[in-house]
Amino acid sequence: MARWTTSSSQYTQPQINDISTYAVGHATLLGAPHINHESLRDKGFTKTKIDEIEDRLHDAFDIKFVFNKWTLGAEFLTQTLNIPAEDLEDPKFELLTALGFSRAEIDAANSHVCGAMTVEGAPHLKPEHYAVFDCASACGRSGTRFLSVESHIKMMAAAQPFISGAISKTINMPNDATIEDCKEAYMLSWRLGLKANALYRDGSKLSQPLASQLIEDSDGQAEDALDTLIGAMTAPQSSVRRSLNGSSNAPKLASACRTGAKATPKKPASAAARFISAPANMVTAASGRSSSTCTKRAPPSARS
């Protein structure tokens, strides 16, 4: 039987399977708690619609992204499930909630289908082995572990003596990183002889690939704040300052920038929607600088 062997323990293949399933899920609603084939049939789902959902679950990060009008069709939702047509146009509409499932039931089914997206808390896996699976950012909804800033820098320092140029590697920092933390990262890079470094604070972009959460906005203030920001990008610096300081959206904008949250656009053609979906190079061109990383060349090494 296959085993993952270390000096202190052995994991059997069934244990490995359990760990993997905990992290990535079963990719099916068969056997899922609360939301499964049986409960969906009780809600009015046909076998054809359940099969359509199952086909989408293999690539889903959250089951809510599968239970929508694009998967099931507006006709089925309005005529069979009796969902009001106007509800389907609401960006905050969640079908599972409308069908009567509670947040706890949705989360439980979500963990079964999509997994915890972290190995923290996985069955059989010993906590002393968690470090093997640490990533640049905390994983999943419940993960808390991630690689330290120092580990990024020391890894680069180990390779730098064998490379003539600078290393293209981003140093990931948590959302609560401070200016002092950035300073210490630069100083450690300098002391270890790195030729350059690039810092990225989690959530410092209004839209980022690894964002794990979305904030809900009920009054459109976050979108209006983005419109203000985009309009200010091409204005002179003094105009930008006056625009943001004099805007009622400035507090909302500042909060969004601090948390790194993404607002859900209500008008697909709005400037906010265009900004969120714009390629990174377009945003950089509009602002005149990159918003994703803070790059600075490290001071020359004191070593000979």
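Residues numbered from 1 in each chain as written. Predicted model: local features only at pLDDT ≥ 70, side-chain atom pairs only at ≥ 80, totals over all residues. Heavy atoms only, no water.

### A look at the nonpolar core
1) Next: Ranked by internal contacts, the top residues of the largest apolar core, which has 26 residues, are L29, I35, F45, I53, I63 and F67.
2) Next: Sort the elements by how many residues they give to this core and helix 8 (residues 103-114) lands first, with four residues.
3) Next: Excluding residues within four positions of it along the chain, I35 makes contact with L29, L40, I63, F67, L96, F101, E105, I106 and A109.
4) Next: Listed in part, the 13 residues of the second largest apolar core include M156, I167, M173 and L188. (Core = buried A, V, L, I, M, F, W, Y, C linked by side-chain atoms within 4.5 Å. Buried < 20%, exposed > 50% of the residue type's maximum accessible area, 1.4 Å probe, protein only. Helix = DSSP H or I, 4+ residues; strand = E, 2+ residues; numbered from the N terminus. Contact = heavy atoms within 4.5 Å.)

### Some words on helix 3 (residues 47-57)
1) Next: Among all positions in helix 3, only K49, I50, I53, E54 and L57 are buried. Along the long axis of helix 3, the arc covered by the buried residues comes to 145°, so they all point the same way. Helix 3 presents T48 and D55 as exposed residues on the side facing more than 90 degrees away from its buried surface.
2) Next: Packing partners of the buried residues in helix 3 comprise helix 2 (37-43), helix 4 (69-72), helix 5 (74-80) and helix 8. (Arc of directions from axis to C-beta.)

### Thoughts on the state of the cysteines
1) Next: Scanning all chains against the criterion turns up zero disulfides.
2) Next: A disulfide-free cysteine, C135 has its sulfur positioned 3.6 Å from the sulfur of C139, the nearest such atom.
3) Next: Looking at C135, the relative accessible area reads 33%, which means it is partly exposed. (Disulfide = S-S within 2.5 Å.)

### Brief notes about the pairing of strand 4 (residues 197-201)
1) Next: Summarising burial for strand 4: four of the five residues are buried, a large majority.
2) Next: Bridge count for strand 3 (residues 170-173) against strand 4 is four bridges, and the pairing is parallel. Residue pairing in the sheet places T170 in a bridge with A198 of strand 4. (Pairing = 2+ DSSP bridges.)

### Let's talk about the confidence of the model for the protein chain
1) Next: With 65% of its residues at a pLDDT of 70 or more, the protein chain has an overall mean of 75.
2) Next: For residues 212-222, every residue scores under 50 in pLDDT, and the model assigns this stretch 16 contacts once sequence neighbours within four places are set aside.
3) Next: This model gives residues 238-304 a pLDDT under 50, and the stretch forms 109 contacts once residues within four places in sequence are excluded. (pLDDT = per-residue confidence, 0-100.)

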